[in-house]
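Spelled out, the chains give:
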Amino acid sequence: MSARTLCPERIEERLADAENLVRGRADIGNPHHFIAGLWEQTYRRAPRCLGPMVSRRIGAMARSLGVASEADRPRPEHRQLKRVA
């Protein structure tokens, strides 16, 4: 694990805290900034094996707040392939 990588327990704590804020309708300020910050604090620092779980949880919070998350944005490396007959 690199110095920038978070351990699974720390990721779980951050996500659980954020989910509690969202569920409790806490004043989180700008929801776009909240989700972007959460993305940077957790997903980008998560071990690769936890990426899908973190992405799903952040995406669910983003949808609950009515904003797009990083996971919802298309990326050049995730281009869809065209089917060739």
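Quick summary incoming for the structure in this document. (Residues numbered from 1 in each chain as written. Predicted model: local features only at pLDDT ≥ 70, side-chain atom pairs only at ≥ 80, totals over all residues. Heavy atoms only, no water.)

## Notes on the overall build of the protein chain
The helix and strand inventory of the protein chain stands at 3 helices and 0 strands. Its helices and strands taken in sequence order, the protein chain reads α-α-α from the N to the C terminus. The buried share of the protein chain, reckoned over its 85 residues, is 29%. A total of about 6300 Å² of accessible surface is found on the protein chain, and carbon and sulfur atoms cover 51% of it. (Helix = DSSP H or I, 4+ residues; strand = E, 2+ residues; numbered from the N terminus. Buried < 20%, exposed > 50% of the residue type's maximum accessible area, 1.4 Å probe, protein only. Areas by Shrake-Rupley, 256 points an atom, 1.4 Å probe, with all protein chains shown as cover.)

## A look at helix H2 (residues 31-41)
When we look at burial in H2, the residues that qualify are Phe 34, Ile 35, Leu 38 and Trp 39. Seen from one end, H2 has its buried residues packed into an arc of 135°, which puts them on one side. For H2, the secondary structure elements touched by its buried residues are helix H1 (8-23) and helix H3 (51-65). Put simply, Asn 30 is the residue that caps the front of H2, since its side-chain oxygen is 2.7 Å from the backbone nitrogen of His 32. (Arc of directions from axis to C-beta. Contact = heavy atoms within 4.5 Å. Polar contact = N/O pair within 3.5 Å; in protein donor to acceptor, adjacent residues only side chain to side chain.)

## Here we look at the environment of Ala 60
Assignment of secondary structure puts Ala 60 in helix H3. Given a relative accessible area of 38%, Ala 60 falls into the partly exposed group. When the C-alpha positions of Ala 60 and Glu 19 are compared, they lie 9.2 Å apart, and in sequence the two are 41 residues distant.

## Thoughts on the pattern of salt bridges
Tallied over the full model, the rule gives 4 salt bridges. Between Arg 44 and Glu 40 there is a salt bridge, with the nearest N and O atoms lying 2.7 Å from each other. Exposure remark for Arg 44: the relative accessible area of 45% places this residue in the partly exposed category. In the salt-bridge network here, residues are joined through shared partners; they are Glu 12, Glu 19 and Arg 57. (Salt bridge = Lys/Arg side-chain N within 4 Å of Asp/Glu carboxyl O.)

## Quick word on unusual backbone geometry
With a phi angle near 55°, Arg 25 is a residue other than glycine that sits in the positive phi range. Along the chain, the position of Arg 25 falls in the loop between H1 and H2.

## Some thoughts on the environment of Glu 19
Among the secondary structure elements, Glu 19 is positioned in helix H1. The exposure class assigned to Glu 19 is buried, which follows from its relative accessible area of 17%. Along the chain, Glu 19 and Ile 58 lie 39 residues apart, while their C-alpha atoms are 8.6 Å from each other. If near-sequence neighbours (up to four positions away) are discounted, Glu 19 is found in contact with Arg 57 and Met 61.

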